[in-house]
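Single-letter residue listing:
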Amino acid sequence: MYRSSAMRLLSAFCRRSSCRFPFQASAVRISVPYIYNSAYSSGTNSESWNSSSSTKEGSGRVTDGPRVKWREEEERVLRASLRHVIGLGWSDAAMIAGAKAVGLSPSIVGSFPRKEAALVEFFMDDCLQKLVDVVDAKEDLKNLIPSQRVAELVRIRLEMQTPYISKWAQALSIQAMPLNIMSSFNQRAMLVDEISQAAFGESTDIDWYMKRAVVGGIYSSAELYMLTDTSPDFKDTWEFLDERVRDVFDLKNSFQEAKYLAEAVGAGVGGSVQGFLRK
């Protein structure tokens, strides 16, 4: 999937630019379970991904709030259930405890078609809304360069998961189930859209989608790193995040990544990339 995605992106750009590649192509070599692996393009320097040049006039934000509008009783049960996740996991048992906590019959849990998946998805929606609120309220974000905005927003979002980190591997396994994977993918796509627009603005050109894929890779790799991080206050995770962001925005590293991509795809488009690198 990674190679075919990279080829599609590079081929699309090749058609538009006569295969001259006036910017550096880079493959994001991050191993993630099912989220994002793709290629991205950058401008002539490490901070060329700016919001002012890519924002489409009159366009609204990508993400305006949670993807799902929960019914009042469902929301009360799910929100109360989150308090029981640490002890009972993302499970029917946590949801039953949540129903009891708000004075409702445990039988209401049967109204959730996918039960524990609904609990995880509610948490994801709730975190997305909180991130939207942060973006709207955090004026100092405007004073940061794009790479700093990405790092800051990814950290803010991941910090929302820290109370549940001991059970987050279970949440990921629930999201990866065949019945849940499409909904999970959509939720993560909305999350990446929100971070990407806050960092770079909005556009419909191929460069925007490459940036979005890179943000998804950064987020997913930091999320997975956090699962095994035992450092105080997740210090190692935040250092890993900062390093990954620096790698992605580093011009010299972009040339090296482009070389890896050229070697991976071989002839054709890959040959054009190698030819460009030799110039």
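Residues numbered from 1 in each chain as written. Predicted model: local features only at pLDDT ≥ 70, side-chain atom pairs only at ≥ 80, totals over all residues. Heavy atoms only, no water.

The protein chain is annotated in an unreviewed UniProt entry as Ubiquinone biosynthesis protein from Genlisea aurea. Quoted verbatim from the Sequence similarities (unreviewed entry) field of the UniProt record, the comment on the protein chain reads "Belongs to the COQ9 family." For the record of the protein chain, the UniProt heading Subcellular location (unreviewed entry) holds the text "Mitochondrion". (UniProt positions renumbered as here; feature names shortened; annotations may be inferred.)

Novice: Would you take a moment to explain the packing of helix α7 (residues 146-159) against helix α11 (residues 235-249) for this structure?
Specialist: Two measures define how a pair of helices packs: the angle their axes make with one another and the distance between the axes. Running from N to C, α7 and α11 cross one another at 150°; their axes reach a closest spacing of 10 Å. By the criterion of interaxial angle, the relationship of α7 to α11 is roughly antiparallel. The interaxial crossing formed by α7 with α11 has right-handed handedness. Across the interface between the two elements, Pro146, Ser147, Val150, Ala151, Val154, Arg155, Leu158 and Glu159 of α7 pack against Trp238, Leu241, Asp242, Val245 and Phe249 of α11. Class assignment for the residues of the contact of α7 with α11 results in nine nonpolar, one polar and three charged. (Axes fitted to C-alpha atoms, helices over the stretch in contact; angles between N-to-C directions. Helix = DSSP H or I, 4+ residues; strand = E, 2+ residues; numbered from the N terminus. Parallel < 35°, antiparallel > 145°, perpendicular 65-115°, else oblique. Left-handed = near helix turned anticlockwise from the far one by under 90°. Contact = heavy atoms within 4.5 Å. Nonpolar A, V, L, I, M, F, W, Y, C, P; charged D, E, K, R; others polar.)

Novice: I would appreciate a short explanation of empty space enclosed by the protein in the present structure.
Specialist: Any empty space left between atoms is shown by rolling a water-sized probe over those atoms. Applying the stated rule across the entire model yields four cavities of 30 Å³ or more. In this structure, the largest cavity is lined by Met124, Asp125, Cys127, Leu128, Arg157, Gln187 and Leu191. For the lining of the largest cavity, the secondary structure elements donating two or more residues are α6 (116-137) and α9 (181-200). Of the residues forming the lining of the largest cavity, the biggest block, four residues, is contributed by α6. (1 Å grid on protein atoms, 1.4 Å probe; cavity = no way out; pocket = protein on both sides within 12 Å on 5 of 7 lines; lining within 4 Å. Points joined across faces, edges and corners; volume = space filled by probe spheres on them.)

Novice: Looking at this structure, I do not really get the packing of aromatic side chains. What am I missing?
Specialist: Each aromatic ring pair is summarised here by two numbers: the centre-to-centre distance and the angle between the ring planes. Counted according to the given criterion, the structure contains six aromatic pairs. With a centroid separation of 5.6 Å and 45° between ring planes, the pair formed by Trp90 and Tyr164 is classed as tilted. Within this pair, whereas Trp90 is found in the loop between α4 (85-88) and α5 (92-101), its partner Tyr164 is found in the loop between α7 and α8 (168-175), the two being separated by 74 residues in sequence. Of the residues examined, Trp90 reaches a relative accessible area of 1% and is grouped as buried. Ring centres of Tyr225 and Phe240 lie 4.5 Å apart, and the angle between their planes is 10°; this geometry places the pair in the stacked category. A residue pair is termed long-range when its members are at least 10 positions apart, and Tyr225 in helix α10 (residues 206-227) and Phe240 in helix α11 qualify at 15 residues. Among the residues examined, Tyr225 registers a relative accessible area of 32% and is labelled partly exposed. Judged by its relative accessible area of 23%, Phe240 is partly exposed. The rings of Trp90, Phe123, Tyr164 and Trp168 are connected pair by pair, giving a single aromatic cluster. (Phe/Tyr/Trp six-rings, centres within 6.5 Å; stacked < 30°, edge-to-face > 60°. Buried < 20%, exposed > 50% of the residue type's maximum accessible area, 1.4 Å probe, protein only.)

Novice: Sorry, what's going on with the pattern of salt bridges here?
Specialist: Think of it this way: side chains of opposite charge can pair up when their charged atoms draw near. Counting across every chain of the model gives 13 salt bridges. The closest approach of N and O atoms between Arg155 and Glu159, which form a salt bridge, is 3.1 Å. A residue pair is termed a helical-turn pair when its members lie 3 or 4 positions apart in one helix, as Arg155 and Glu159 do in helix α7 at four residues. Judged by its relative accessible area of 34%, Glu159 falls in the partly exposed class. Here Arg188 and Glu223 are joined by a salt bridge, their closest N and O atoms 2.9 Å apart. Taken together, the residues span a long stretch of sequence, with Arg188 in helix α9 and Glu223 in helix α10 at a distance of 35 residues. Here the two residues Arg188 and Glu223 agree in accessibility, since each one is buried. Via salt bridges that share partners, Glu75, Arg79, Asp126 and Lys130 belong to a single interconnected network. (Salt bridge = Lys/Arg side-chain N within 4 Å of Asp/Glu carboxyl O.)

Novice: Would you mind going over the nonpolar core with me for this structure?
Specialist: Here is a general trend for soluble globular proteins: nonpolar side chains tend to be buried in one another's company. Membership of the largest hydrophobic core comes to 54 residues, with the highest contact counts inside it found for Leu82, Trp90, Leu119, Val150, Trp168 and Ile195. It is α6 that contributes the most residues to this core, ten residues altogether. The residues that make up this core include at least three from each of domain 1 (68-112) and domain 2 (116-264). Filtering out sequence-adjacent residues up to four positions away, Leu82 remains in contact with Trp90, Leu119, Phe122, Phe123 and Tyr164. (Core = buried A, V, L, I, M, F, W, Y, C linked by side-chain atoms within 4.5 Å. Domains from an automatic or database assignment.)

Novice: What is the right way to read the packing of α6 against α7 from this model?
Specialist: Their axes nearest at 10 Å, the elements α6 and α7 cross at an angle of 140°. Between α6 and α7, the crossing angle belongs to the class labelled oblique. Relative to α7, the crossing made by α6 is right-handed. Every residue of α7 that contacts α6 at Phe123, Met124, Cys127, Leu131, Val134 and Val135 is listed here: Leu153, Ile156 and Arg157. Within the contact of α6 with α7, the residues separate by chemical class into eight nonpolar, no polar and one charged.

Novice: Whenever I open this one, helix α3 (residues 72-81) confuses me. Can you help?
Specialist: Residues lying three or four places apart along an α-helix face the same way, a consequence of the helix completing one turn every 3.6 residues. The set of residues buried in α3 consists of Glu74, Val77, Leu78, Ala80 and Ser81. Angularly, the buried residues of α3 cover 165° about the axis, an arc narrow enough to put them on a single face. Considering only its buried residues, α3 is in contact with α4, α5 and α6. (Arc of directions from axis to C-beta.)

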